[in-house]
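Overview (structure and organization)
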Amino acid sequence: MAIRNIVQVGDETLRKKCFEVTSFDQKLWTLLDDMKDTVRKAEGAGLAGPQVGVLRRVFFVDVEEGYFEFVNPVIVSVSGTQSGKEGCLSVKGKWGEVTRPKKVVIKAQDRFGNAFSLTAKDFFARAVCHEYDHLDGILYIDKATEIVND
Ligand code: CO
């Protein structure tokens, strides 16, 4: 396992639409393990493929409810809204106020290709939506009503 460099805003990699994951192999597992190490060191709540320069539809979140990996995720439904502070390891030293769904239902595959679905609420839902956006080249700063320096 290894720490990878986190791509910073301004790099076009963060603005690309990611491709589906088709191989659930050692390369994917190493990527996920490296991402986990990288985010633990940086003390974030999640990380998406493009943030380490990999344009694949993969992300994870590390929240109170646990550690969850999502491969080829699809947000099936959203409900309610919540507003709150958000940051991103690719936008260092800044925070923004972002409105997100209060609850999301998401289906995805795990690292072995097994399908699952789960319901995320509150901060967990926020983290899922934030990471999901990364897969389509969207950053929270595109949606924030106010951005402040740390
Ligand atoms: Co982010």
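Residues numbered from 1 in each chain as written. Predicted model: local features only at pLDDT ≥ 70, side-chain atom pairs only at ≥ 80, totals over all residues. Heavy atoms only, no water.

1. Looking at helix α2 (residues 122–134)
In plain terms, the rule: Numbered from the N terminus, helices here are DSSP runs of H or I no shorter than four residues, and strands are runs of E no shorter than two. A helix is expected to reach a length of 1.5 Å times the quantity of its residues less one. Here the term buried applies to any residue with accessible area under 20% of the maximum for its type, exposed to any over 50%, and partly exposed to those in between, with areas from a 1.4 Å probe on protein chains only.
For α2, which comprises 13 residues, the first-to-last C-alpha distance of 19 Å matches the rise-based estimate of 18 Å (1.5 Å per residue) to within 8%. When you tally the buried positions in α2, you get 11 out of 13 residues, the bulk of the element. Buried residues of α2: Phe124, Ala125, Arg126, Ala127, Val128, Cys129, His130, Glu131, Tyr132, Asp133 and His134, and no others.

2. Re the coordination of the cobalt ion
Definition in use: Atoms of type N, O and S within 2.8 Å of a metal are treated as its donors, and for Na, K and Ca the window is 3.2 Å; water is not considered, so some sites may appear to be missing partners.
Around the cobalt ion, the donor atoms from the protein are Cys88 (SG), His130 (NE2) and His134 (NE2), and they sit 2.1 to 2.3 Å away. The sequence pattern formed by the donor residues of the cobalt ion is C-x41-H-x3-H. Here Cys88, found in strand β4 (residues 82–88), pairs with His130, found in helix α2; they are 42 residues apart in sequence, far enough to count as distant. For Cys88, a relative accessible area of 9% corresponds to the buried category. For His130, a relative accessible area of 7% corresponds to the buried category.

3. Describing the pairing of strand β7 (residues 115–121)
Test applied: Pairing between two strands requires that DSSP report at least two bridges joining them.
Bridge count for strand β6 (residues 103–109) against β7 is seven bridges, and the pairing is antiparallel. Opposite Lys107, over in β7, you have Ser117 as the bridge partner. In this structure, the hairpin formed by β6 and β7 is closed by a connection of five residues, where Gly113 is found at a positive phi of approximately 95°.

4. So, the packing of aromatic side chains
For clarity, the cut-off: Stacked, tilted and edge-to-face pairs are distinguished by plane angle, under 30 degrees for stacked and over 60 for edge-to-face with tilted covering the rest, among Phe, Tyr and Trp rings (Trp via its six-membered ring) whose centres lie within 6.5 Å. Two thresholds decide whether a charge sits over a ring: the Lys NZ or Arg CZ must be within 6 Å of the ring centre and within 35 degrees of the ring normal.
Taken as a whole, this structure holds five aromatic pairs when the rule is applied. Each residue in the set Phe59, Phe70 and Phe116 is aromatic and connected to the rest through ring pairs, giving one cluster. Across the ring face of Tyr67, the terminal group of Lys36 is positioned such that the distance to the ring centre comes to 4.3 Å.

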